[in-house]
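# Fold and geometry: a report
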Amino acid sequence: MTVEGMPLALLVNPHSAHGRALKLLPKVEQELDARRIPFRAERTHGLEDGVERALRAIDAGEIPVVCGGDGLVGAIGGAMAGAETPLGIIPGGRGNDLARVLGIPDDPVGAVEVLAAGQTRQIDVGEANGKRFLGIVSVGFDSEANRIANETSFIRGNLVYAYAALRTPLTWKPGRFTLRVDNERYRFSGYSVSVANNRAFGGGMYIAPGAELDDGEFDIVTVGEGGKLHFLSNLPKVFKGTHVEEDEVQVFRAPHLELSASRPFPVYADGESLTELPARLRILPRALSVLVPEPGP
């Protein structure tokens, strides 16, 4: 479908990144007006409300544009899987990892330029126990750190994820994880399992540096047991993706899997609590259309 001339429905999360999305809105509106792009803006009141507003926008012939973080982007993008209408993104959260990997600028002028160009890309959508996500499902150390980050209000920006990663080991004990892919079963003791559609999470941590958004498979990254000091010393490597070279890190790919653990862990994706273990995960190949920057020369 063509997106030229379609009006935009800006769905703004007023609480994202301590109000960052709301602060961006006047500049976004100014840029849209300058380009004579028809739009309307409304605030969302939680993920479910955002999804409902996005689906109503599609029915009205509008393009939903999320001005917020990965949580709202993931919820709305998951609900839009299978629709012809594309999703627009104006990064307004703390992590903005999907926008980062897609190449969408984090400044309003650059983000609106992407919307105006109308270039689309089909990306995969993940599903865990029937609940959809766009980024990375994390279980174990990473999901516990995500919980701490979400509960921390005295640190702004994506530095909160570094703080959470350093605080989590204080009470951490390794878990026993089981992964099943078809008839093969893999068990290990360690820190975490990441089931990745996207490369990055946590504000630029490239936990799955080889993951592609449109290859029809998850990159599954497991971090086995080791000393806490060794684990902490390797944390900075995640920002470059070089942690996968460590012996305790294993990476494999699959379009679906089952995941369980020896004790309860929160299951997070796109920065939000998603479901509980055990979890069945699968990829919906190229199920979502997203507005992205035009390819370079």
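Everything here concerns the structure above.
Only a predicted model underlies this, so the values are computations on that prediction, with no experimental measurement involved.

With an omega of -5°, the peptide bond running from leucine 277 to proline 278 counts as cis. If you trace the backbone, proline 278 turns up in the loop between strand S14 (272-275) and strand S15 (279-291). Notably, asparagine 96 is not glycine yet its phi reads approximately 55°, a positive angle. Structurally, asparagine 96 can be placed in the loop between strand S4 (88-91) and helix H4 (97-102). What makes asparagine 96 buried here is its relative accessible area of 12%.

The next thing to look at is the pairing of S15. As paired strands, strand S5 (residues 120-128) and S15 are joined by 8 bridges and run antiparallel to one another. Looking at S15, one finds that arginine 121 is bridged to valine 290. The sheet contact formed by strand S12 (residues 256-261) and S15 spans 4 bridges and is antiparallel. Its bridge partner lying in S15, histidine 256 is registered against arginine 282.

A few words on the nonpolar core. A general tendency of soluble globular proteins is for nonpolar side chains to be buried together. Among the nonpolar cores identified, the biggest contains 46 residues, and Val137 and Leu281 are the most heavily contacted of them. In terms of residue count, strand S9 (residues 184-196) provides more of this core than any other element does, 5 residues in total. Setting aside anything within four residues of it in sequence, one finds leucine 281 in contact with Glu127, Ala128, Phe133, Val137, Val195, Phe218, Pro255, His256, Leu257 and Leu259. Within the second largest apolar cluster, 44 residues are counted, among which are Leu11, Ala75, Ala111 and Leu213.

Here we take up the environment of arginine 40. Looking at where arginine 40 falls in the secondary structure, it is placed in strand S2 (residues 39-43). Judged by its relative accessible area of 31%, arginine 40 is partly exposed. In this structure, arginine 40 is in contact with Leu8, Ala9, Leu10, Ala57 and Glu62, ignoring residues within four places of it in sequence. Side chain to side chain, arginine 40 and glutamate 62 meet in a polar contact 2.8 Å long.

Reading the values: rules and limits
Residues numbered from 1 in each chain as written. Predicted model: local features only at pLDDT ≥ 70, side-chain atom pairs only at ≥ 80, totals over all residues. Heavy atoms only, no water. Helix = DSSP H or I, 4+ residues; strand = E, 2+ residues; numbered from the N terminus. Buried < 20%, exposed > 50% of the residue type's maximum accessible area, 1.4 Å probe, protein only. Pairing = 2+ DSSP bridges. Core = buried A, V, L, I, M, F, W, Y, C linked by side-chain atoms within 4.5 Å. Contact = heavy atoms within 4.5 Å. Polar contact = N/O pair within 3.5 Å; in protein donor to acceptor, adjacent residues only side chain to side chain.

Function cannot be read off these values alone, since they describe shape.
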